[in-house]
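# Remarks on the overall topology
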2 protein chains.
Amino acid sequence: MNVILPKNLLAEQIALLERVIPSRSSNPLLTYLGLAAAGEDLILFGSNGEVDLEVRLPAQVMGEGRYLVPSQPFFQLVRSLPGEVVELSLESELLLSSGRFRTRLSLAPMEGYPELLFPSPEEVSGDEAFPERTALSVEDLQKALSQVRYAASNEEYRAIFRGVQLEFSGKGLRAVASDGYRLALFDLPKPQPFARKAVVPARSVDEVVRVLKAVGTGEVVLALGQGTLGLAVGQGGVRVRLAVRLMEGEFPDYERVIPKDFPLKVALEAEPFREALRRVSVLADKQNHRIDLLFQEGRALLSAEGDYGKGQEELAVSLSGTPMGLAYNARYLLEALAPISGEAELLFSGPQSPSLVRPLAEAEGYQAVVVPLRV
Amino acid sequence: MNVILPKNLLAEQIALLERVIPSRSSNPLLTYLGLAAAGEDLILFGSNGEVDLEVRLPAQVMGEGRYLVPSQPFFQLVRSLPGEVVELSLESELLLSSGRFRTRLSLAPMEGYPELLFPSPEEVSGDEAFPERTALSVEDLQKALSQVRYAASNEEYRAIFRGVQLEFSGKGLRAVASDGYRLALFDLPKPQPFARKAVVPARSVDEVVRVLKAVGTGEVVLALGQGTLGLAVGQGGVRVRLAVRLMEGEFPDYERVIPKDFPLKVALEAEPFREALRRVSVLADKQNHRIDLLFQEGRALLSAEGDYGKGQEELAVSLSGTPMGLAYNARYLLEALAPISGEAELLFSGPQSPSLVRPLAEAEGYQAVVVPLRV
């Protein structure tokens, strides 16, 4: 199999695979990069056992085959090749040449490499591995996943919370994450053709978000199979497919922790509030990052006290309801506010019960539940 | 003591102190930032026990005193203050306010804090702590130090090589560093008013270079005292002084390892050669990073072979003398070439004896000795 393609195209597109392919693995074959030909495309593929990734590039291809090349030197070399064009010749070795540089890389046998199954990019009958399909805008899916990701747990305890739950239904698509102490969700009000819940490991969510960001615009096909979420997305001549292993089980009923009645509602500009939170929290106790908020008469008073001393700052806010004093872990509050640009709405059910944080513009779809510290 | 000054001025200038002041220290007082007043200047000072640093800023100052404030929250806060002006009021506590933000920070007692001695910025009679003085351009000193720094040792073995030696003499100033396997030196042909050798710990060299880079231009006063190198440098209203603890002893005679006779001289463009070295060395053995160079008939052939396979590249070079094949640790060769922009000259005394690397333009002052690998 012989391939000729522009160096820059190859160098740009290996970045996604470079993230996924591990440098060490209990299956050493997973440290290799796959190269294959399909018609006039060069196919690059790789897997970390949790996420399988395939990138198709337009190239001049002669012959066919599937080969495994050592990914580490391949990635390093491709970025720095001297020519504008790369020539790959694959047989018993990979012969790579570009400008006056030539190299021979030894190959690994395909035997023992897992079979990678991806959803077909177009609607076809009988894609048995991925029977349930839908399509979303790349931006929407990226936003839904990246805005809730932070709330996923890092603890071994209650493993299901180490994932992001996707809920497909006739009402739309919801992404939700929680670590049991706080919760973030994003609602996309676009009716889905099937009803199902699927929990994607948070680390795999990061890879998916990275691919969606790299693609940027257009449409992404989401397809669900037995224990697998597939994605297919393409722009220009480059097409990317992913298959992500799902977690078993689903989140316990979280709806009941989302408060409904709010004696106090506050509207404020998110960014100045975050800046004040960051400043004042410098003084906060290093253990619990406690920051005190007092809302009254059109203003918010932020204060914190720790080993170094005390700090406070005042902000003008728009307030409706009963004045209230509450304490939070400043980090949790900052993380809950992070996805919000422009105006935010803070909804307080009481100093000992969960609060809701969301963009003032309801159409945004994001909301977060944060629990105050006990005073 | 009360101080008012522009936030941006303070925020910019604390960056130098932030580098030097340690976050942990066997003397906890060293983790504090010093604040003092001198006439119309605010003085900021700090030390890590090896490097003492003082920064003077023009400010509105009332009263006097010397205070120690906890550096970590101070640095964090100053960067993010909401106002354009900072007000500091120091008595039993530090009261800091800016815009609608206010904080109280507790202070540490000055007792137990080391006395910091800096050279006087102007020529005065009787600066007893720093009897030997000279002045250099900031750019020259920065270049001399930063171009040889890489060759200093990281090993405990032969501790003196963990420093950069400065040699002041009637011929000029030389900076030299070595780890016993390679050597870099920089000659500044500006006669110095005294003769002395002083070895500055490489980590302190990094701090000095950082200060010189921040200052950028102008003149720096270098002053030598008993076991201490002092520096004084200023621009605009901001003046910076350093006192750096010297190492005891001096380098063994290194002149004898610098080769004098060269059967082969090669001239080449440094950057394309470095790029080719980087590419080919991707294939090199991970243990010794061996790369083979063959110089003949106006070309250099670079090749390497390791676990992944083989790589090679050819470069056109200008060659005079006997064709020769040699092997190097690619990393050492790359580091020796790094300070050279434009054309480099490689001078080979033989495949088993030291080689010299220097800019083709002799006036540059930099040269490096690299030893070939045994073939």
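Before reading further, recall that the structure is shown in the block above.
Residues numbered from 1 in each chain as written. Chains lettered and ligands numbered in written order. Predicted model: local features only at pLDDT ≥ 70, side-chain atom pairs only at ≥ 80, totals over all residues. Heavy atoms only, no water.

Bringing the interface of chain B and chain A into the picture now. Each side of the interface is counted separately: chain B has 28 residues, and chain A has 28 residues. Carbon and sulfur atoms make up 54% of the surface buried where chain B meets chain A, a total of about 2,400 Å² over both sides. The largest contributions to the chain B side of the interface with chain A come from Arg100(B), Arg279(B) and Tyr308(B), which together make up 28% of the buried area. Note that Arg100(A) is salt-bridged to Glu314(B), the shortest N-O span being 3.2 Å. The interface formed by chain B and chain A includes 14 residue pairs in polar contact (both at pLDDT 80 or more). Sorting the residues of the side of chain B that touches chain A by element identifies α2 (71-79), β9 (101-106), α5 (270-281) and β21 (309-316) of chain B as the ones contributing at least two each. When residues of the side of chain B that touches chain A are assigned to their parent elements, the largest contribution, seven residues, is made by β21(B). Grouping the constituent residues of the side of chain B that touches chain A by class yields twelve nonpolar, eight polar and eight charged. In terms of strand pairing, strand β9 (residues 101-106) of chain A meets β21(B) through five bridges, oriented antiparallel. (Contact = heavy atoms within 4.5 Å. Buried area = accessible area lost by both parts, 1.4 Å probe. Salt bridge = Lys/Arg side-chain N within 4 Å of Asp/Glu carboxyl O. Polar contact = N/O pair within 3.5 Å; in protein donor to acceptor, adjacent residues only side chain to side chain. Helix = DSSP H or I, 4+ residues; strand = E, 2+ residues; numbered from the N terminus. Nonpolar A, V, L, I, M, F, W, Y, C, P; charged D, E, K, R; others polar. Pairing = 2+ DSSP bridges.)

It is worth spelling out the sheet that holds strand β13 (residues 183-188) of chain A at this point. Residue and element names in this part refer to chain A. Read from one edge to the other, the open sheet built from nine strands follows the order β14-β11-β12-β13-β26-β25-β24-β18-β22, with strand pairing classed as antiparallel. Across the chains shown, the open sheet's two edge strands, defined by having one partner strand only, are β14 (196-201) and β22 (318-321). Strand-to-strand, the axes of this sheet are offset by a mean angle of 15°, without reference to chain direction. Sheet topology places strand β11 (residues 163-168) next to strand β12 (residues 173-178); four bridges connect them, and they run antiparallel. Within β12, the residue paired with Gln-165 across the bridge is Val-176. Relative to β14, helix α4 (residues 202-215) is tilted by about 90°, and along the sheet it contacts β11 and β14. Against the sheet, helix α6 (residues 330-337) engages β24 (343-348), β25 (355-359) and β26 (366-370), with an angle of about 170° to β26. (Axes fitted to C-alpha atoms, helices over the stretch in contact; angles between N-to-C directions.)

We now examine the pattern of salt bridges. Residue and element names in this part refer to chain B. For the coordinates displayed, the defined rule picks out 46 salt bridges over all chains. Ionic pairing is found between Arg-19 and Glu-207, a salt bridge with its closest N-O pair at 3.0 Å. With Arg-19 in helix α1 (residues 7-20) and Glu-207 in helix α4 (residues 202-215), this residue pair connects regions lying 188 residues apart in the sequence. What makes Arg-19 partly exposed here is its relative accessible area of 44%. Of the charged contacts in the structure, one is a salt bridge between Arg-358 and Glu-345, with a shortest N-O distance of 3.1 Å. Remark: Glu-345 occurs in strand β24 (residues 343-348) and Arg-358 occurs in strand β25 (residues 355-359); sequence separation between them is 13 residues. (Buried < 20%, exposed > 50% of the residue type's maximum accessible area, 1.4 Å probe, protein only.)

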